[in-house]
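Structural characterization, general
Listed below, chain by chain, are the residues.
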Amino acid sequence: MSEVKLAAEIRTEFGKGAARRVRRENKVPGVLYGHGSDPVHITLPGHALLLALRTSNVLLAVDVEGKTELAIPKAVQRDAIRGYLEHVDLLIVKRGEKVNVEIPVHTEGELAAGAYLVEHVLNALPVEAEATHIPESVTVSIAGLAAGDSILAKDVPLPSGTTLAVEDDTVVLQVLAAQAEEPSAEAEAEGETGAEA
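Residues numbered from 1 in each chain as written. Predicted model: local features only at pLDDT ≥ 70, side-chain atom pairs only at ≥ 80, totals over all residues. Heavy atoms only, no water.

Things to note about helix 1 (residues 16-24)
This is how it is decided: Accessibility here uses a 1.4 Å probe with only protein chains present; expressed as a share of the type maximum, an area under 20% marks a residue as buried, one over 50% as exposed, and anything in between as partly exposed. Numbered from the N terminus, helices here are DSSP runs of H or I no shorter than four residues, and strands are runs of E no shorter than two. Directions drawn from the helix axis to the C-beta atoms are what define this arc. Contacts between residues were defined by any pair of non-hydrogen atoms, one from each residue, lying within 4.5 Å.
Taken as a whole, helix 1 has its buried residues at Ala18, Ala19 and Val22. Looking down the long axis of helix 1, one finds its buried residues gathered within 100° of arc, a one-sided arrangement. Turned more than 90 degrees from where helix 1 packs its buried face, Lys16 and Arg24 sit exposed. Residues of helix 1 that are buried make contact with strand 2 (27-34) and strand 3 (37-45). Just beyond helix 1, the residue with positive phi is asparagine 26, at close to 60°.

Focus: the sheet that holds strand 8 (residues 116-120)
Neighbouring strands of a sheet are bound in pairs by backbone hydrogen bonds; such pairs are parallel or else antiparallel. Counted only if it meets this: For two strands to be treated as a pair, DSSP must find at least two bridges joining them. The angle between two axes is taken between their N-to-C directions and runs from 0 to 180 degrees, where each axis is a line fitted to C-alpha atoms and a helix contributes only its stretch in contact.
Across the sheet, three strands lie side by side as 8-13-11; this open sheet has antiparallel pairing. Only two strands of the sheet have a single partner each, and these edge strands are strand 8 and strand 11 (150-152). Averaged over all pairs of adjacent strands, the angle between their axes in this sheet comes to 15°, without regard to strand direction. When strand 11 meets strand 13 (residues 171-177), the two strands line up antiparallel, connected through three bridges. Residue pairing in the sheet places serine 150 in a bridge with glutamine 174 of strand 13.

Regarding the pairing of strand 9 (residues 124-130)
Direction of pairing for strand 7 (residues 98-108) relative to strand 9: antiparallel, over a ladder of seven bridges. Following the sheet pairing, isoleucine 103 is matched in strand 9 by leucine 125. When strand 9 meets strand 12 (residues 163-164), the two strands line up antiparallel, connected through two bridges. Pairing of glutamate 128 across the sheet is with threonine 163, part of strand 12.

Overview of the confidence of the model for the chain
Rules: Values of pLDDT, the confidence the predictor places in each residue, fall between 0 and 100.
Put simply, the chain has an average pLDDT of 79, and 90% of its residues get 70 or more. The lowest-confidence element of the chain is helix 3 (residues 185-196), averaging 54 in pLDDT; the highest-confidence one is strand 10 (residues 138-141), averaging 88.

Brief notes about the side chain of threonine 43
Locating threonine 43 in the fold gives a position in strand 3. Using a relative accessible area of 7% as the deciding quantity, one classes threonine 43 as buried. Discounting residues that sit within four places of it in the chain, threonine 43 has contacts with Ala7, Ala8, Glu9, Arg11, Val22, Lys27, Val28 and Pro29.

Description of the pattern of salt bridges
Two side chains bearing opposite charge may form a pair once their charged atoms approach each other closely. The test is simple: Any carboxyl oxygen of Asp or Glu within 4 Å of a side-chain nitrogen of Lys or Arg constitutes a salt bridge here.
Inspection of the entire model under this criterion finds two salt bridges. Linking glutamate 69 and lysine 67 is a salt bridge whose minimum nitrogen-to-oxygen distance equals 3.3 Å. Judged by its relative accessible area of 13%, glutamate 69 is buried. Judged by relative accessible area, which is 53%, lysine 67 ranks as exposed. Linked by salt bridges that have partners in common, Lys67, Glu69 and Lys94 make up one network.

Structural data, given as structure tokens:
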């Protein structure tokens, strides 16, 4: 995974008013913390950060006053209606260090013939990986699975250097039989009246 470079500025004003001013300048307030250092309050370029966050668990090289820190996003707050970034928490990581993250689970293949549905019990799989080699996602084959079949965490193929951060027997996906909708009480009543007429 490549690093995304972002230039940050130290933030000295705090509170709602200051955060609104920062966002009006198309920047995002954030905090950079970890490894026993004091938290550093920063502002980041809004558009560049938004593009970087399209990749889950992106590795950021954050330049703060000439000093570059590697970090991963730990918490991202978005406006519920408009979707713009309100605040971001970045966790400092070191090369070679293992971190716990969640990676998206994708499926490939076709289910067995019949009316079946795939339920994602876990949309993202908790794993431990080296901070500079976090996988973007994992793919599991659902080919030929039928109702009652499931895929456990231990069945998910992981890249080398990545280990599970959940129990082996945790259900990730399961296949269910599609349920036909039961007729409503009104439809049944209409059917009975129609039969009497």
